[in-house]
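# An overview of the molecular structure
Chain residues, written in single-letter form:
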Amino acid sequence: MIETEPSTPSDTGMFTRQGRLESFGPFAAIGLVLLLLWSLVAWFVWVYPEELLSRQRQELASDTETAAVQTATVLHHAEDSLRTIDLWLLTRGRKAALQDVSLAQLAETLREGSRGLMDVMLVDQQAQVYRIPSINGQAYASVAGQELFELMRLPSTEGLHIGVPFRLREGTPLMLPLAMRLSAPTEGLELALALIDLRRLGQIHQLFAQDHAGAVTLLRGDGVALSRVPELPNFVGRDVFAKSAPGRREAFNGPSGWFVTDGSATDGIRRIGAFRALEGYGVKLLISEAEGAVLADYVEQRRAVLLFSALVSAAALALTWMLARLWKRARVEEALQAAAANASPLGLFRCNPRGEVIDCNQTYLDLQTLRPEEKAWGWLQVTAEQHRESAKARWQESVAKGESFRKAGRITRRDGETRLLFVRSAPLRVDGRLLGQVGTVEDITELAAQQSAVRTLNAILDLTPEFVAQFDHRGNLTYLNPSARARFGVAADAAVSSIDFKRFLHEETLQDFQEQLALSASQQGQWKGRRTLIDDQGQTLECDCTVLRHRGASDQTSTLSVILRDISQELQAQRERQRSETILAAIAHTSDAMISVIDLKERLLFINQAYQRKFKIDPQAWIGKPLRHMLNEAGYESNRESIQRAMTGETVVVEREYGEREEQQVFEVQFAPLHTEGSQIEGVICIARDITAVKREEQRLRDASMTCPLTHLLNRAGFELHVREQIELARESQHLVALLYLDLDRFKPVNDQHGHPVGDALLRAVAGRIRNALRPQDLIARIGGDEFAVLLSTIHQAEDAAVVAHKIVHAIGLPFMIDTLELHIGVSVGFCVRHGAEAELESLIEVADAQLYEAKRAGRSCARGSVPEL
């Protein structure tokens, strides 16, 4: 074992009086930290919860006030709307108010002003509700039996009243009613009714019920619930104080306040909340939260804080205990150093100026199979007897001169095993005085065996067909194997030190090759790449290149090995394949058809440029990804069967339509199996060809055969085809249909007097006016020179056909301006209305034509019709 210098008194580690006082510093700091920590814990446990509860009450009060303002705004708007309707009826509406256009516009303005939150209606004495406008005079719904209507019928009821929410019709939203008696009842109308959509109002209230247990409730003054968010079954319309304790109703009499409820009237959750009265409406708004909601997170935080504080305190106490034991650990460290020396794989020793070993570790003894008492000159016992004297003399001479010693030698241990040991030592001087030598003994037997293996490896390299070269750390060539010598024209017995290997490299790759050599030497220890060389015949070689770094004893680069494999023929074959693939890709990319290829796992392998342009797809983002991810689910499902059939070897051709109706495109899509050279199916080729123009031309020809070229209306054939389709639909839905026959009056004189161009222009103008008088779904056709036909599909009542007929008569009767001419003509209309189940085209034509002649006989420019009997 190597001895250390004796410790001076100042280094003994004994505590002085000042040191003992300083040692209490860490303990005092730990105590102060613990005191501060538990002070914060006490504040967090006792003071902070009260602050949270106070903050909750403030937030509830603020939210209640804000929600009350927003709710009152809705009620104000409803009240103002009712008073506006009442004022209009008082000042202007005496007759046919429900059909009055200005009243309808006023009602629509009031609805739009509420953004769809409110609707206004009128109620007559029989509790019939009329929506404004009511063109046909039919009631929209009935409120007979509703609490609010019964209240408003009492003579003593005055002003605005809010009723229990109800649904006007089955399936409609729940509405909150506000009613007011009209100042001047007219035509049986006596109430103005405003209906607030509770679903939309609930969306406003939802903003103030963010917590999962939060609730917003609207109560009438008598305790009846008008709304609640979130909703509860059978809650609306219930008196929430009916089963409450005495005095509970009176607790809500003030304009605002707080309350605590056990939840028995709602959802069973104990709550704390605030309320505020909406002045002038007898309504209160309540916002509540679960009583423990604000403290739920706090309880978990308190548990975490207490646990953390306990852990910190425990850690502080443990640290205190550890500090108290540090002096013991110092002694343990000394013992560990001694154990580490004995556990070292190197033999450590120290000798005196005479060369005798005076201290060593156990490894030194084990390497030489010596006993502790033999350490002085025991190493001579395992040295070959004939070399003992000379070895001892050289050692003593080196120690006496204070020189470093390096020597490898073989010994024969007492167990008969021969080992190769390497000894290193350096002089030990203190204050310029030589005290001896300190050194190490290393067993290098295995290292020598590895070096022998390297020599064997070199022999193998001499026989490999690959080209192997080695360079020293300066970049000079030191070795070429026989294969490299033969290819580069170097004689087998020629020295390689004078060969400049750079002459075998292209000039443009020379600098890059040198940089890669330096990189491999300084970083990873190896490098792989591809380089171009020139042999002694001037032929170019493409080679895979591997550079290996070999390190010396000082971890510096000692040798670089370069291994080259000629891949010229492989690359030529690869280039041919790439050329063929490039040609095929160019053909695919220049094709107008959209081409895509997927493998058997439906992963995208290729898309051509036409496909990329059409769908604006980046191929780099989708190559290798599943086709299902690129297409939407509907698009994938529409193609899945064709893809699977193609994977079984079948070629499938289908037509696909894409886009909206106006911009719809039609593609002919062919799915074919992708075969390899071995006829195995590797995937599917999809080729899509745009045939939109062909389809549109076919449709244009079909449309031309059914359209009047002058007016662009349907001709007789097209009209009959579409009418039969509409009759079938009306027969299924049991709706009414009406056929109108139109014949222009006084048209022939215009044609005779002003010529056919003017007559044609007049016919186009007539077609435009008729079209403008109809709905988009109605059919119109020119069936003769000045004859037209109209089909009204899906009308609600027979009288609608007469309305439309008179509308057309009026429109055609107005003057026409054709260039500078003002022309006056008229039209006679005959119409026939039938139920869908009874409608037949021939019967409709016959009756409508007969009615047309009736109109002609009645003096022209009028309409006559036939309607079914009820």
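Now for a look at the structure at hand.

## Side note on a nonpolar patch on the surface
A grouping of Trp 43, Trp 46 and Val 47 is seen on the molecular surface, where their side chains present a nonpolar patch of about 360 Å² in accessible area. With respect to the helices, strands and loops of the structure, Trp 43 is situated in helix H1 (residues 17-46). On the basis of relative accessible area, Trp 43 is assigned to the partly exposed category, the value being 40%.

## Side note on empty space enclosed by the protein
Enumeration over the complete set of coordinates arrives at 2 cavities of 30 Å³ or more. For the largest cavity, the calculated volume is near 70 Å³. Together, Val 123, Val 143, Gln 146, Leu 148, Phe 149, Phe 166, Ala 179, Leu 191 and Leu 193 line the largest cavity. If you list the elements that add at least two residues to the lining of the largest cavity, you get helix H4 (147-152) and strand S6 (189-197). Class assignment for the residues of the lining of the largest cavity results in 8 nonpolar, 1 polar and no charged. In this structure, the second largest cavity occupies an estimated 40 Å³ of space. Lining the second largest cavity, in full, are Arg 716, Phe 719, Glu 720, Leu 739, Tyr 741, Ile 783, Ala 789, Leu 841 and Ile 845. Where the lining of the second largest cavity is concerned, the elements lending two or more residues are helix H19 (716-733), strand S27 (736-745) and helix H23 (841-857).

## A word on the sheet that holds strand S19 (residues 526-534)
Across the sheet, which stays open at both edges, the 5 strands sit in the order S18-S17-S21-S20-S19 with antiparallel pairing between neighbours. A strand with exactly one partner marks an edge of an open sheet, and here the two such strands are strand S18 (477-480) and S19. Direction aside, neighbouring strands of the sheet carry axes that sit 25° apart on average. The pairing of strand S17 (residues 467-472) with S18 spans 3 bridges and is classified as antiparallel. Counted as the bridge partner of Ala 469 is Leu 480 from S18.

## Looking at the layout of surface pockets
Taken as a whole, the second largest pocket holds about 540 Å³ of empty space. Together, 21 residues line the second largest pocket, and Trp 379, Thr 383, Ala 391, Lys 407 and Val 423 are the ones closest to its centre. Elements that contribute at least two residues to the lining of the second largest pocket include exactly helix H8 (362-368), helix H9 (388-401), strand S14 (405-412) and strand S15 (418-430). Broken down by element, the lining of the second largest pocket gets its largest block of residues, 6 residues, from S14. Tallied by class, the residues present in the lining of the second largest pocket amount to 13 nonpolar, 5 polar and 3 charged.

## Quick notes on the environment of Phe 252
Mapped onto the elements, Phe 252 comes out in the loop between strand S8 (225-229) and strand S9 (256-261). Distance in space between the C-alpha atoms of Phe 252 and Arg 276 is 8.9 Å, their sequence separation being 24 residues. Each residue touching Phe 252, except ones within four places of it in the same chain, is listed here: Phe 241, Phe 259, Phe 275, Lys 284 and Leu 286.

## Focus: unusual backbone geometry
For the bond running from Ile 132 to Pro 133, omega is 0°, close enough to zero to count as cis. Here Pro 133 is to be found in the loop between strand S2 (128-131) and strand S3 (141-142). Cis geometry marks the peptide bond from Val 229 to Pro 230; its omega dihedral reads 0°. With respect to the helices and strands, the residue Pro 230 is situated in the loop between S8 and S9. Residues other than glycine seldom take positive phi values, yet Glu 187 does so here, at roughly 50°. Its place among the elements puts Glu 187 in the loop between strand S5 (175-186) and S6.

## Details of the pairing of strand S1 (residues 118-124)
Burial within S1 is extensive, with 7 of its 7 residues counted as buried. Burial along S1 is two-sided: the face carrying Met 118, Val 120, Leu 122 and Asp 124 and the face carrying Asp 119, Met 121 and Val 123 are both buried. In this structure, S1 lies alongside S6, joined through 7 bridges in antiparallel fashion. Bridge pairing in S6 links Asp 119 to Leu 195. Direction of pairing for S1 relative to S2: antiparallel, over a ladder of 3 bridges. Note that in S2 the partner of Val 123 across the bridge is Val 129. Remark: 3 residues form the turn of the hairpin made by S1 and S2, two consecutive strands paired antiparallel; Ala 127 in that turn has positive phi of roughly 70°.

## Some thoughts on the nonpolar core
Side chains of nonpolar character tend, in soluble globular proteins, to be buried together. Grouped together as the largest cluster of nonpolar side chains are 46 residues, with contacts concentrated most on Leu 89, Leu 122, Leu 176, Leu 178 and Ile 196. For this core, the element with the most residues is helix H2 (residues 48-91), which contributes 11 residues. Grouped together as the second largest cluster of nonpolar side chains are 40 residues, Leu 710, Leu 792, Leu 823 and Ala 863 included.

## A word on the packing of H19 against H23
To describe two helices that pack against each other, one gives the angle between their axes and the distance between the axes. Following both chains from N to C, one finds H19 and H23 inclined at 110°, their axes separated by 10 Å at the closest point. By the angle class used here, H19 and H23 are roughly perpendicular. For the pair H19 and H23, contact is made by Glu 720, Val 723, Arg 724 and Ile 727 and by Leu 841, Glu 842 and Leu 844, respectively. Across the contact of H19 with H23, the residue classes tally to 4 nonpolar, no polar and 3 charged.

## Notes on H23
The end-to-end C-alpha separation of H23 is 25 Å, in line with the 24 Å expected for 17 residues at 1.5 Å each. Inspection of H23 places Leu 841, Leu 844, Ala 848, Gln 851, Leu 852, Ala 855 and Lys 856 among the buried residues, and these make up the whole buried set. Buried residues of H23 fall within an arc of 150° about the axis and therefore sit on the same side. Away from its buried face, by an angle of more than 90 degrees, H23 presents the exposed residues Glu 846 and Arg 857. For H23, the secondary structure elements touched by its buried residues are H19, S27, strand S32 (826-835) and strand S33 (863-866). Gly 859 lies just past H23 and shows a positive phi near 115°.

## Some remarks on the pattern of salt bridges
Enumeration according to the criterion identifies 35 salt bridges in this entry. A salt bridge links Glu 147 to Arg 220; the nearest nitrogen and oxygen atoms lie 2.8 Å apart. With Glu 147 in helix H4 and Arg 220 in strand S7 (residues 215-220), this residue pair connects regions lying 73 residues apart in the sequence. Using a relative accessible area of 37% as the deciding quantity, one classes Glu 147 as partly exposed. Overall, the relative accessible area of 12% leaves Arg 220 in the buried class. Where Glu 637 meets Arg 640, a salt bridge forms, and the shortest distance between an N and an O atom there is 3.1 Å. Of the two residues, Glu 637 and Arg 640 both sit in helix H17 (residues 633-647), 3 residues apart, roughly one turn of that helix.

Rules behind the numbers
- As a convention, each chain's residues are numbered from 1 in the sequence order in which they are written.
- Residue-level local features of this predicted model are given only where pLDDT is at least 70; pairs of side-chain atoms are given and counted only at 80 or more, and the full residue set underlies all totals for whole chains, interfaces and linings.
- Only hydrogens and water are set aside when side-chain values are computed; all heavy atoms of the structure are taken into account.
- By definition, no residue in a patch forms a salt bridge, and every one has over 30% relative accessible area; like charges are joined within 9 Å, nonpolar side chains (Val, Leu, Ile, Met, Phe, Trp, Tyr) within 5 Å.
- Note on areas: Shrake-Rupley, 1.4 Å probe, and residue coverage restricted to the protein chains presented here.
- A pairing counts as a salt bridge when a side-chain nitrogen of Lys or Arg comes within 4 Å of a carboxyl oxygen of Asp or Glu.
- For the purposes of this entry, the term helix denotes a DSSP run of H or I that reaches at least four residues, the term strand denotes a run of E that reaches at least two, and both are numbered from the N terminus.
- Summary of the burial criterion: residues with accessible area below 20% of their type's maximum are buried, those above 50% are exposed, and those between are partly exposed, where the area comes from a 1.4 Å probe applied to protein chains only.
- Using a grid of 1 Å spacing that covers the protein atoms alone, one calls a set of points a cavity when a 1.4 Å probe fits there but cannot get out, and a pocket when the set is open and has protein on both sides within 12 Å along at least five of seven lines; lining residues are those with an atom within 4 Å of a point.
- Grid points are joined across faces, edges and corners, and a volume is the space filled by probe spheres set on the points.
- Throughout, the ten residues Ala, Val, Leu, Ile, Met, Phe, Trp, Tyr, Cys and Pro are labelled nonpolar, Asp, Glu, Lys and Arg are labelled charged, and all others, Gly among them, are labelled polar.
- At least two DSSP bridges between two strands are needed for those strands to be called paired.
- Every axis in this analysis is a line fitted to C-alpha atoms, fitted for helices over the stretch in contact. Angles between the N-to-C directions lie between 0 and 180 degrees.
- The contact rule is simple, with two residues in contact once any of their heavy atoms fall within 4.5 Å.
- In these notes, a set of buried Ala, Val, Leu, Ile, Met, Phe, Trp, Tyr and Cys residues joined through side-chain atoms within 4.5 Å is what counts as a nonpolar core.
- The labels follow the angle: roughly parallel below 35 degrees, roughly antiparallel above 145, roughly perpendicular from 65 to 115, and oblique for the rest.
- Multiplying one less than the number of residues by 1.5 Å gives the expected span of a helix.
- The directions from the helix axis to the C-beta atoms form the arc being described.

Nothing here speaks to function; it is all geometry.
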